[in-house]
Amino acid sequence: MLTLKCPYTGIMLDESELEAGGEAHLKRYGPESSDDDFESYLFMRKNPKGVHFERWRHAYGSGKWFHVARCTQTLEVFGTYPAQTLKPPQEILDIIAEKRPGWSWDMPS
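Procedures and definitions
- Residues numbered from 1 in each chain as written.
- Predicted model: local features only at pLDDT ≥ 70, side-chain atom pairs only at ≥ 80, totals over all residues.
- Heavy atoms only, no water.
- 1 Å grid on protein atoms, 1.4 Å probe; cavity = no way out; pocket = protein on both sides within 12 Å on 5 of 7 lines; lining within 4 Å.
- Points joined across faces, edges and corners; volume = space filled by probe spheres on them.
- Helix = DSSP H or I, 4+ residues; strand = E, 2+ residues; numbered from the N terminus.
- Nonpolar A, V, L, I, M, F, W, Y, C, P; charged D, E, K, R; others polar.
- Pairing = 2+ DSSP bridges.
- Phe/Tyr/Trp six-rings, centres within 6.5 Å; stacked < 30°, edge-to-face > 60°.
- Buried < 20%, exposed > 50% of the residue type's maximum accessible area, 1.4 Å probe, protein only.
- Patch = residues over 30% accessible without salt bridge, like charges linked within 9 Å, V, L, I, M, F, W, Y side chains within 5 Å.
- Areas by Shrake-Rupley, 256 points an atom, 1.4 Å probe, with all protein chains shown as cover.
- Salt bridge = Lys/Arg side-chain N within 4 Å of Asp/Glu carboxyl O.

Draft legend 1. Region of interest: the layout of surface pockets. In this structure, the largest pocket spans a volume of roughly 240 Å³. K46, V51, H52, F53 and W105 are, among the 15 residues lining the largest pocket, the residues nearest its centre. Considering every element that reaches the lining of the largest pocket, the biggest residue donor is strand β4 (residues 51-58), with three residues. Here the lining of the largest pocket is built from residues that sort into seven nonpolar, four polar and four charged.

Draft legend 2. How the structure looks around the pairing of strand β6 (residues 77-82). Here five bridges tie strand β5 (residues 65-71) to β6, and the two strands are oriented antiparallel to one another. Counterpart to A69 in the pairing with β6 is G79.

Draft legend 3. Looking closely at the packing of aromatic side chains. With the rule as written, the count across this model stands at two aromatic pairs. Ring geometry for F53 versus W103: centroids 6.3 Å apart, planes at 40°, classification tilted. With F53 in strand β4 and W103 in the segment after α2 (90-99), the pair connects residues that are 50 residues apart, well separated along the chain. Given the relative accessible area of 24%, W103 is considered partly exposed. Every member of this aromatic cluster is reached through a ring pair, and the members are F53, W103 and W105.

Draft legend 4. A nonpolar patch on the surface, seen in detail. Taken together, F38, L42, F43 and M44 make up a surface patch of nonpolar side chains, about 450 Å² in accessible area. Relative to the assigned elements, F43 resides in helix α1 (residues 35-43). Taking relative accessible area as the criterion, F43 reaches 60% and is therefore assigned exposed.

Draft legend 5. Structural detail: the pattern of salt bridges. If you walk through the whole model with that rule in mind, you get four salt bridges. Here R100 makes a salt bridge to E76, at a shortest N to O gap of 3.2 Å. Linking R100 in the segment after α2 with E76 in the loop between β5 and β6, this pair joins segments that are 24 residues apart in sequence. Each member of the salt-bridge network shares a partner with another, and the members are E76, K99 and R100.

The values reported here are purely geometric and, on their own, carry no functional implication.
This is the structure we're talking about:
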């Protein structure tokens, strides 16, 4: 079972208390965006086998959204951080890079 720490309450939660929200750090487009940009935002998601950044909500607690860095292959969780953060904290990126030599985070376009 997936267990995550809510960065707002500091409580360890199992997945029954959470709601998945898909990929984190997506660029959202405004009303003046092209059809291609809007289509890409709606439908084109990464689905990696390995390190992935996701949005989760503490549904039965704080109700707040937060981001999770985890491995989709092993379910290893590298860390959680507030959803208002524009990029993963450096300490989480360092943990991932240490455990996955050669890995690097690519800022979404």
